[in-house]
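Architecture at a glance
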Amino acid sequence: MRVSVITPVRDGERYLAAAIESVLAGSVVPDELIVVDDGSTDGSAAVAAGFGAPVRVLRGPPAGIAAAANRGVAASSGELVGFVDADDLWTSTALECRVEVLAASAALDGVFGRVECFHSPELSDQERRRVPIPPGPRPFRAKGTVLLRRSPLERVGPFDGSFAVGDFIDWYARADEAGCRFGEVDEVVLRRRYHRVNHTREAGS
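The present account deals with the structure reproduced in this document.

1. Observations regarding the overall build of the protein chain
- For the protein chain, the helix and strand inventory stands at seven helices and nine strands.
- What you see for the protein chain is a C-alpha radius of gyration of 16 Å, in line with the 17 Å of a compact globule of 205 residues.
- The principal-axis extent of the C-alpha atoms belonging to the protein chain is close to 45 × 35 × 35 Å.
- With 205 residues in all, the protein chain has 53% of them scored as buried.
- In the protein chain, once contacts between residues fewer than 6 apart in sequence are set aside, the share between residues at least 24 apart is 75%.
- If you sum the accessible surface of the protein chain, you get close to 8,900 Å²; carbon and sulfur atoms cover 53% of it.
- Averaged over its 24 positive side-chain charges, the protein chain has a centre that lies 2 Å from the centre of its 29 negative ones.

2. With respect to helix α7 (residues 167-177)
- Buried within α7 we find D167, F168, D170, W171 and A175. The arc that holds the buried residues of α7, viewed along the axis, is 155°, so those residues lie on one side. Away from its buried face by more than 90 degrees, α7 exposes D176 and E177.
- Those residues of α7 hidden inside the fold are in contact with α3 (65-75), β6 (110-119), β8 (146-149), α6 (150-156) and β9 (182-194).

3. Some details on empty space enclosed by the protein
- The tally for this structure, following the rule as stated, stands at one cavity of 30 Å³ or more.
- One number sums up the size of the largest cavity: a volume of about 40 Å³.
- Lining the largest cavity, in full, are S22, V23, G26, S27, V28, W90, T91, S92, A94, L95 and E96.
- Of all the elements in the fold, those that place two or more residues in the lining of the largest cavity are α1 (13-24) and α4 (94-104).
- When residues in the lining of the largest cavity are grouped by element, the largest group, three residues, is from α4.
- Taken together, the residues of the lining of the largest cavity break down into five nonpolar, five polar and one charged.

4. Considerations on the pattern of salt bridges
- Scanning the entire structure with this criterion turns up 10 salt bridges.
- The salt bridge involving R174 is made with D170; its shortest N-O contact spans 3.0 Å. Here R174 and its partner D170 are both found in helix α7, four residues apart, which amounts to about one turn of the helix.
- The class of R174 is partly exposed, set by a relative accessible area of 24%.
- Here the salt bridges do not stand alone but share partners, grouping R2, D31, E32 and R56 into one network.

5. Some remarks on the nonpolar core
- Residues L16, I20, L33, V35, A48, W90 and L147 are the most contacted members of the largest nonpolar core, which totals 30 residues.
- No other element matches α4, which puts five residues into this core.
- Aside from chain neighbours lying at most four places away, what touches I20 is L33, V35, A48, F51 and V55.

6. Some remarks on the side chain of S44
- Relative to the helices and strands, S44 resides in helix α2 (residues 44-49).
- Owing to a relative accessible area of 0%, S44 belongs among the buried residues under this scheme.
- When neighbours within four sequence positions are excluded, S44 is seen to be in contact with V9, D11, G12, E13, L16 and D37.

7. Things to note about the side chain of D37
- Along the polypeptide, D37 turns up in strand β2 (residues 32-38).
- Buried charged residue D37 carries no salt bridge. Nearest counter-charge: R59, at 5.7 Å.
- Within the local environment of D37, its side chain forms a polar contact with the backbone nitrogen of S40, the two atoms lying 2.7 Å apart.
- Excluding residues within four positions of it along the chain, D37 makes contact with V9, S44, A45, L58, R59 and G60.

Cut-off values and rules
- Residues numbered from 1 in each chain as written.
- Predicted model: local features only at pLDDT ≥ 70, side-chain atom pairs only at ≥ 80, totals over all residues.
- Heavy atoms only, no water.
- Helix = DSSP H or I, 4+ residues; strand = E, 2+ residues; numbered from the N terminus.
- Rg over C-alpha atoms; globule rule 2.2 N^0.38 Å.
- Buried < 20%, exposed > 50% of the residue type's maximum accessible area, 1.4 Å probe, protein only.
- Contact = heavy atoms within 4.5 Å.
- Areas by Shrake-Rupley, 256 points an atom, 1.4 Å probe, with all protein chains shown as cover.
- Lys, Arg positive; Asp, Glu negative; His and termini not counted.
- Charge placed at Lys NZ, Arg CZ, Asp CG, Glu CD.
- Arc of directions from axis to C-beta.
- 1 Å grid on protein atoms, 1.4 Å probe; cavity = no way out; pocket = protein on both sides within 12 Å on 5 of 7 lines; lining within 4 Å.
- Points joined across faces, edges and corners; volume = space filled by probe spheres on them.
- Nonpolar A, V, L, I, M, F, W, Y, C, P; charged D, E, K, R; others polar.
- Salt bridge = Lys/Arg side-chain N within 4 Å of Asp/Glu carboxyl O.
- Core = buried A, V, L, I, M, F, W, Y, C linked by side-chain atoms within 4.5 Å.
- Polar contact = N/O pair within 3.5 Å; in protein donor to acceptor, adjacent residues only side chain to side chain.

Structure representation (structure tokens):
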């Protein structure tokens, strides 16, 4: 099955290369990784473009993370679609373990994995104490932990850009109402980075 991965980014050049590398270093590599530059004023687009295939870059004016994710989905060609934020990391088996479940379970519309949070290395001890991380590994319903078939994305509709945070929570609720079925693996698929500007991200993305 062809797999597409979407990475929305705005002014994320500091961590973007690590996010992309984590996906490309996996035991299974996606057929395409689409980085959607949401009006960055830094070098994010150049960082992504420097990787070459299977990474490609879409550039546009700032519209928000949900709109950027929607643009990536619309431009993608995979039967399966995954997401990784520009400051997070996939584990080495993140794609493999979820692809295996979907390949074996035609009735499932998507599969979630677990998350493990970590402090970004540049944080001081004082900053680490001020920004505590949730215990893990743990289940977490977010874009970064789910691998979806394209069919539920088409059936449920796009992510709602009116949400500053929590657009995936809204989408998942609509998917549940639509009767979508999701599985879960016990493996950690996402390493969620805590740094100086994202400690409110537990609201969901």
